[in-house]
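Reading the structure
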Amino acid sequence: AFVPLTPRILSLTPDFSTSTLNLKWSDNGSIFPYGLDAFWQIQILRKETMEKVTQVIYYSKLTQEDVILSWNWTSDMPLECTSHYVKIRSYINVTQFVGPKDWSDWSAIEEVPGKDTEPNGSGMFPEDSVVAVGSDVTFCCIHEEGQEIQQMKYGREIYPMIRLSSRSSAIRVLNASASNASGTNVVCRLSEYEMHGTVLFVGYAPDIPQNLSCETSNFVTIKCTWKPGRPSGLYGKRETKYSLSERMSGKNVSCKVDETNGERVCNFSVNPDQTTYNFILRASNPIGQAESSLVIDLTQRVHPKAPEKLTFSGTNSTSVLLHWFINGSFAEIRLLCQIEISSGHSEQKTHNVSMPGGGFSTYTAQLNALRPYTKYQFRVRCSSADSFWRWSDWSRTEEHTTSEA
Amino acid sequence: MAAADSPSATLRRRDLCSRGIRLAGKMRSDVIDLLDTYVERQGLDASASVAVVEGVPAAAVEHWDEQSGTQRLLENLAAYRTFRTLLAQMLEEQREQLGEADAGLGRALAAVLLQVSAFAYHLEELLRLESRGAPSEEEAGPPQPLHLGLFERKLRGLGVLRELAQWAVRSARDLRQLAKPSLGSSSALSTAESP
């Protein structure tokens, strides 16, 4: 029968953070004709008893060159929990050979030792990890030789133990539910005073940010706000973080939570000579990420600050000049302002005026048809005249009395 | 040998001691409340036995009766300075881990930290009365333990709060001892003074 050479594992590399093994081996393709089908049977074994965990067949095509093949496997438990072993064998479909063909011998076994083989390896794994609601998680408790685990608890519940080795036992938590803010404790009690423990944070990936809205109050800064959607259930350094990037300028800013009202805000500096902004708001936490996008024409998203410093001049018995200041640079647009005039006698009147916007300037309006020797209350609010977006808040109310006739 | 106390010094000490005893009592009840909140919010088992926590001053003391007044004050002061550092570490960790999620626990921790600081100052006041002066600050403060997992930190916090509650009891007893007229004279305080 045709039996290929025994394959040789080049490397078996663990990534403990993702519980993933990476296997690399050479296909020895140089000694075979081009284009043959090759099958690689890979076995993963575990525990002291080297139980088979999984067996897969990997397929490749030989290319008359020695190619290094690579394969990843993610364990259902932390690699620290116990030693993992890998072996591989091959089957080459040599079409030119008419006789029977068979699998090669197994390669030498490669081992990734667990912490249960290390003198100071005691503890619980995974350590302080974050998973999505509904996940299945395996925890293991590694202790000293001769110690006995009294019990292993997940939160308030005692779980049946799975023996991995003389120094390691595991529990399997299925369909984990959301943890509270400080996480769910997983405790391995060895004696009254000795226990190992870890914490599991169970939450949600970020929701797609909702109601993303961006506006400017001064053509200096663009302020974006949004609703986070479903809470992630993760807090502190694991909470969802937001960043805002703008495609055209390529700029990126990180966002923060407004301490006063808990509103999420992102401030983006206005770029000179840029009117259209193509924003992407990214939300990310240890479980996943989501994003929303928004394209705006800044001149159509003007929400001025409330007018300030109302003053009067040029007064006579039936008219007055009203002045006010707006903190912002509005040279690119026209402003529409509403002046609300009220006095004790008559009902309120609203006076609309439109004027070219200025740069951090004071604006003026002439108010006529007033009654002599009458005390009036004035307040002002403004918006963009060209494409209305939102009124500013009203200014403070200021009083003025016209002179006698 | 220090000169015998003036009546005003004796009165001042007795006043400081009685105010200190009230402070310790209030601190103890607040620490007990904080413990309940802490255990519940950290998902711990209230009956969990916590081994001796490294860097936390033990309230239990041998030969308590034989201690001099100055010794009592010095040991108390060193302990509360250490607790001030430990509680500040816990508060920092709490903010890092929970952010705004558990502001209540954060406020309770901060309140106890304030009381511990106030009590340490009170002890310094008593030591100044002995014209001995409080030891300089850098003598106190445990190093932050190397890498501790979150669960170990939760347990450590539990150990800190439990020991602080014990210290509040011991401090009240120490201050009562100091306030006793027979022992209150400075000669009783100074003879036991070690260089």
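As shown above, the structure is provided for reference.
Residues numbered from 1 in each chain as written. Chains lettered and ligands numbered in written order. Predicted model: local features only at pLDDT ≥ 70, side-chain atom pairs only at ≥ 80, totals over all residues. Heavy atoms only, no water.

1. Considerations on the sheet that holds strand E27 (residues 334–343) of chain A
All names here are of chain A.
- Pairing in this open sheet of 4 strands is antiparallel, and the strands run E28-E27-E30-E31 from one edge to the other. Looking at which strands have only one partner, the edges of the open sheet turn out to be strand E28 (349–356) and strand E31 (398–401). Adjacent strand axes in the sheet meet at a mean angle of 30° when their direction is disregarded.
- Here E27 runs beside strand E30 (residues 375–384); their pairing, made up of 9 bridges, is antiparallel. Residue pairing in the sheet places Cys 337 in a bridge with Cys 382 of E30. (Pairing = 2+ DSSP bridges. Helix = DSSP H or I, 4+ residues; strand = E, 2+ residues; numbered from the N terminus. Axes fitted to C-alpha atoms, helices over the stretch in contact; angles between N-to-C directions.)

2. Comments concerning helix H1 (residues 7–41) of chain B
- Compared with an ideal rise of 1.5 Å per residue, which puts 35 residues at 51 Å, H1 of chain B spans 50 Å between its outermost C-alpha atoms and is within 8% of the ideal.
- Of the residues trailing H1 of chain B, Gly 43 of chain B is marked for its positive phi of about 65°. (Expected span 1.5 Å × (residues − 1).)

3. Considerations on the sheet that holds strand E21 (residues 256–257) of chain A
All names here are of chain A.
- One open sheet holds the 4 strands; their spatial order is E17-E18-E22-E21, and the pairing between them is antiparallel. Whereas interior strands pair on both sides, the edge strands pair on one side only; in this sheet they are strand E17 (210–216) and E21.
- In this structure, strand E18 (residues 221–227) lies alongside strand E22 (residues 264–269), joined through 6 bridges in antiparallel fashion. Residue Ile 222 lies in a different strand from E22, and its bridge partner there is Phe 268.

4. Observations regarding the packing of H1 of chain B against helix H4 (residues 150–179) of chain B
All names here are of chain B.
- Relative to each other, H1 and H4 sit at 160°, their axes nearing to 9 Å. When the interaxial angle is binned, H1 and H4 end up roughly antiparallel. Considering the relative orientation of H1 and H4, their crossing is left-handed.
- Here the contact of H1 with H4 is built from residues that sort into 19 nonpolar, 3 polar and 7 charged. (Parallel < 35°, antiparallel > 145°, perpendicular 65-115°, else oblique. Left-handed = near helix turned anticlockwise from the far one by under 90°. Nonpolar A, V, L, I, M, F, W, Y, C, P; charged D, E, K, R; others polar.)

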